[in-house]
Amino acid sequence: MKKTFFIIIMLAMAILFILSVDIEYGNPKNLDVANYYIEQGLYDTGAINLVASIYLGYRAYDTLIETIVLFVSVVGVVFCLRGKK
Amino acid sequence: MRSSKIIRTIVQKLFPFIMLFGFYLISHGHLSPGGGFQGGVVLGTAIILLALSHGIEQTEKKFKSRWLNMLEKLGILTLIFLGFLGIFFGWSFLGNFLPLGKPGEIASGGLMLPFSIAIGIKVAAGVSAIFYALIKYRGEI
C-alpha cells in the first residue's frame, strides 16, 4: 500500500516535471508575478523598498517561519552546549 | 585574558556608533537597504565585540544573558501577536491593518516598522545568546 502510494506520487511529480520543461522562465511573457510586484507593490504595501514590501508584505509568513527557525536553532545550541545539570 | 588598553578604548568609543547604525538599519528597513535581520545582526556584533574586548564578566553586567533570552522569546511572541491582531481587525493573519501613510516617510508601510523592530530585537538577542553559550560552556576568552 505504501509502495503504490509512493509510486503514484513519483509518477505525478514526473508528469509535472515533463510538462514544465518547455516553460521558458526568462521569457518576458511569463513574468506576470514579477511585473505585478513592480507595478503594484508601492500601492499595496506602502513601502518604497520593494524587497521589504515583498518579505514583510506579500511573504510575511516566510519571514515569521524564518524567525522561528532561528529561534529553534538558538534553543538547540544552548541546550546542546549546556549539557547535563 | 584581558585585551590591551588600546583595543578596549577603541571598542568603548566605537560601541555606541555600531548600535546607532544597527538601529538605523532596523528603523529604515522599509525605506532603504537593510531590515530587521541585518540590523539585528549588527546589534549582535556590537555586543560580541564588547564581550571579546572586555571579557564576558564585564559584559554580563550590562547585557545579562537572562534578559537576552527573555527578549528573544518576547520578539517572536510579539510577531505572532501582531499577526493575530490582523485577524482581530478584519484582515487575514499577518494582514496590514495600520494605515499605509505617505510613501517615503518613516511612518509609512503600516505594520512593517513593528515587524522590523520585533525581528531586529529577536535576532540581536539570539546571536548574542549563541555567543554567550559558546563562551560560558565551552572554553573562555
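Residues numbered from 1 in each chain as written. Chains lettered and ligands numbered in written order. Predicted model: local features only at pLDDT ≥ 70, side-chain atom pairs only at ≥ 80, totals over all residues.

Draft legend 1. Region of interest: the overall build of chain B. Counting its regular elements, chain B contains 5 helices and 0 strands. In chain B, the order of α-helices and β-strands from amino to carboxyl end is α-α-α-α-α. Projected onto its principal axes, the C-alpha coordinates of chain B cover approximately 55 × 30 × 20 Å. Classification of the 141 residues of chain B by burial places 35% in the buried group. Across chain B, the fraction of contacts at a sequence separation of at least 24, relative to all contacts at a separation of at least 6, is 65%. (Helix = DSSP H or I, 4+ residues; strand = E, 2+ residues; numbered from the N terminus. Buried ≥ 20, exposed ≤ 12 C-beta atoms within 10 Å, placed from the backbone. Contact = placed C-beta atoms within 7 Å.)

Draft legend 2. Representation of helix H2 (residues 32–45) of chain A. Residue and element names in this part refer to chain A. A rise of 1.5 Å per residue sets the reference length of H2, with its 14 residues, at 20 Å; its end C-alpha atoms lie 18 Å apart and thus fit the reference within 8%. The largest bend in H2 amounts to roughly 50° and is located at Glu39. Taken from the residues just after H2, Gly46 is the one with a positive phi, measuring 80°. (Expected span 1.5 Å × (residues − 1). Bend = angle between axes of the 7 residues up to and from the residue.)

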